[in-house]
Amino acid sequence: VQLLVAYASLSHAHRVRRLLYDRGRFVEMVRTPQQLAARGCGFGLHCSEAEMAAVRSASQEARVEIRGVFRVLADGYEALP
Amino acid sequence: MSWPKPPAVIDAMRRALDDAGGNPGRSSHRLAMRASEIVYECREKLAQLFHIGDPLRIAFTANATAALNLALKGTLKPGDHAVFSSMEHNAVWRPLARLRERGVRLSMAAAGADGVVSAESVERAMERDTRLIALVHASNVNGAINPVAEIGRIAQQRGAMLLVDAAQTAGAVPIDVAAMHIDLLAFPGHKGLLGPAGTGGLYVRDPIRLETLVEGGTGSDSASELQPSYMPDRYESGTLNTSGIAGLNAAVGYVLDRGVAAIESAERRLATILMDGLRSIPRIRLYGPDDAGAKTGVISFTMEGRDPVVLADELEREFDVASRAGLHCAPLAHRTQGTGASGAVRFSLGESSTEQDIHAALSAVRTLAQRT
């Protein structure tokens, strides 16, 4: 796992994960750490950098907002543009 | 008839209580995540059933009445104009009466003698600024199916929203929200969908046009005092009926496997036998369309000289034949078909009804008709 893609809603994360699954990709769904959920509570998807384009594409298709993309580090997270 | 439930429904509810006892969206432990998967699966199946492109546009509610209240009260503001039909259930009529007290203007589209609400009747009732048409897909009193696609086309042309009450048709009659131009679709989980009571939902084409009725915890954007603007969270405050939705998930899977068109066809075949049989019994009067092809498996009748409630009691006590008598929470529809004072007896066919059931019911009615 290299990246965490944050969504506002559990249902949004489910929808994107399902669209990715339909394209042969399996990504893990996780609770977004509180420090990254600026508006409080949310869920996200773990993916590799190579999968990020597919995650963005699926999010667009699902018409759900990506709330943030973070690199997973050994001691925390780094926000990516 | 919405009983018995497929065994898979009962199994799914039991499994959900055992293995999915968490609250979806609130935690990431196994029990909560499994619950959230079940809820999402059910959204997807419902979307497939109703030809909804985006499963997130379905919000779960406690029943169709809650969905209709949300749709009506979330859409109509003082000064707005809405059209409803003379075949509506109290689940539509009463919220509209409440909204009228708040300044919403209402016009009623009258049904024909057979209980069908024509597109022309709806169009006549519309005004230049009509915001919403609220229409029952099929009457719960006599089964008459309304031309929703035709009315949806008119609504679209005139810039009005179309709310469809699918209490009698979800799972029993094909529904395609895109082809029928439906903006809001309210459905129960426990009738034709064969799920448990306490489940239902609302499809919302455009959440921007629908205010919330209930606000609260959604497991999302919790730091904000404002209700989320996105679906489904916007309309799903508080803990969902997860075990009920698990049962509904299994039930919708069953309906999809069997096929709504096949269920509809089987019910129509039985409805034809039942209607023909009832017509052959003296003193019986049938209501609704003559052709079983124009209605659901709801058959409404009266027996001359007999109180419908007493008749239904006798059918149950003496012949073990279940029916529902009275006004069916739809006095407006009963007035329309001329049974506003007496009510009627209603037989309801279901996907598990058999020809044997029909003959037993006919034999019972025939015996009672000969007795008095």
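Here, every reference points to the structure presented above.
Along each chain, the written sequence defines residue order, and numbers are assigned to residues from 1. Each chain takes a letter, starting from A, and each ligand takes a number, starting from 1, following the order in which they are written. Side-chain atom pairs in this predicted model are given and counted only at pLDDT of 80 or more, local residue features only at pLDDT of at least 70, and totals for whole chains, interfaces and linings cover all residues. In computing side-chain values, all of the structure's heavy atoms are included and hydrogens and water are not.

Engineer: Explain the overall build of chain B to me, please; I cannot follow it from the model alone.
Structural biologist: The way it works is that DSSP assigns letters per residue, a run of H or I at least four long becomes a helix, a run of E at least two long becomes a strand, and they are numbered from the N terminus. Counting secondary structure elements, chain B contains eleven helices and eleven strands. On C-alpha atoms alone, chain B measures out to a radius of gyration of 21 Å, which is about the 21 Å that the 2.2 N^0.38 rule sets for 372 residues. Exposure classes here rest on a 1.4 Å probe applied to the protein chains alone. A residue is buried below 20% of its type maximum, exposed above 50%, and partly exposed in between. By residue count, 57% of the 372 residues in chain B fall in the buried class. Look at the contacts in chain B between residues 6 or more apart in sequence, and 67% of them connect residues 24 or more apart. Element-wise, carbon and sulfur atoms account for 51% of the exposed surface of chain B, whose accessible area totals about 14800 Å². Lys and Arg are tallied as positive, Asp and Glu as negative. Neither His nor the chain termini are counted. Charge placement uses NZ in Lys and CZ in Arg. For Asp and Glu, CG and CD serve respectively. Separation of charge centres in chain B, based on 39 positive and 42 negative side chains, amounts to 4 Å. When we talk radius of gyration, it's over C-alpha atoms, and the globule rule is simply 2.2 Å times the number of residues to the 0.38. Two residues qualify as a contact provided that any one of their heavy atoms is within 4.5 Å of a heavy atom in the partner residue. Residue-level accessible areas treat just the shown protein chains as cover; the underlying method is Shrake-Rupley with a 1.4 Å probe.

Engineer: Just checking my understanding: could you explain the sheet that holds strand β8 (residues 284–287) of chain B for this structure?
Structural biologist: All names here are of chain B. Only strands joined by at least two bridges in the DSSP assignment are considered to pair. The four strands are arranged β8-β9-β11-β10 in an open sheet whose pairing can be described as antiparallel. Looking along the sheet, the strands with just one partner apiece sit at the ends: β8 and β10 (324–326). The mean angle between the axes of side-by-side strands here comes to 30 degrees, regardless of whether they run parallel or antiparallel. Sheet topology note: the strand β9 (residues 298–303)/strand β11 (residues 344–348) ladder contains four bridges and is antiparallel. Looking across to β11, one finds that F301 is bridged to V345. To obtain an axis, a line is fitted to C-alpha atoms, over the contacting stretch when the element is a helix, and the angle between two such axes runs from 0 to 180 degrees between their N-to-C directions. Strands β8, β9 and β11 of the sheet are contacted by helix α8 (residues 260–279), whose axis makes an angle of about 10 degrees with β9. Strands β9, β10 and β11 of the sheet are contacted by helix α9 (residues 308–319), whose axis makes an angle of about 40 degrees with β11.

Engineer: What should I look at first to understand the pairing of strand β4 (residues 66–73) of chain A in this one?
Structural biologist: Each regular strand shows side chains that alternate between the opposite faces of the sheet. Residue and element names in this part refer to chain A. Inspection of the sheet shows strand β1 (residues 3–7) paired to β4 by five bridges, in the antiparallel sense. Paired with L4 across the two strands is F70, which belongs to β4. Bridge count for β4 against strand β5 (residues 76–80) is five bridges, and the pairing is antiparallel. Paired with F70 across the bridge in β5 is A79. As consecutive antiparallel partners, β4 and β5 are separated by two residues.

Engineer: Any chance you could explain the packing of aromatic side chains here in plain terms?
Structural biologist: Each aromatic ring pair is described using two quantities: the centre-to-centre distance and the angle formed by the ring planes. All names here are of chain B. Ring geometry is summarised as follows: Phe, Tyr and Trp rings, the Trp one being its six-membered ring, pair when their centres sit within 6.5 Å, and such pairs are stacked at plane angles under 30 degrees, edge-to-face over 60 and tilted between the two. Across all of its chains, the model carries two aromatic pairs over all chains by this definition. Summarising the aromatic geometry, the rings of F50 and F187 are spaced 5.1 Å apart at their centres and angled 50 degrees between planes, so their arrangement reads as tilted. Separated by 137 residues along the polypeptide, F50 in helix α2 (residues 30–50) and F187 in strand β6 (residues 184–188) bring together distant segments of the chain. Centroid distance F301 to F347: 5.2 Å. Interplanar angle 45 degrees. Geometry classified as tilted. Taken together, the residues F301 in strand β9 and F347 in strand β11 connect sequence positions 46 residues apart. We classify F301 as buried; its relative accessible area is 0%.

Engineer: Just checking my understanding: could you explain the nonpolar core for this structure?
Structural biologist: Burial of nonpolar side chains together is a common tendency in soluble globular proteins. We define a nonpolar core as any set of buried Ala, Val, Leu, Ile, Met, Phe, Trp, Tyr and Cys residues linked to one another through side-chain atoms lying within 4.5 Å. Formed by 53 residues in total, the largest nonpolar core has its most connected members in L46(B), F50(B), I133(B), L162(B), I182(B), L185(B) and F187(B). For F187(B), the contacting residues outside a window of four places in its chain are L46(B), F50(B), I58(B), N63(B), A64(B), A166(B), A170(B), L193(B), G200(B), G201(B), L202(B) and Y203(B).

Engineer: Is there a simple way to think about unusual backbone geometry in this case?
Structural biologist: Outside of glycine, negative phi angles account for most residues, and trans bonds account for most peptide bonds. Residue and element names in this part refer to chain B. The residue after W3, namely P4, is reached through a cis peptide bond having omega 5 degrees. Within the secondary structure, P4 sits in the segment before α1 (7–19). The phi angle at H51 is positive, at roughly 60 degrees, despite the residue not being glycine. Here H51 shows up in the loop between α2 and β1 (58–61).

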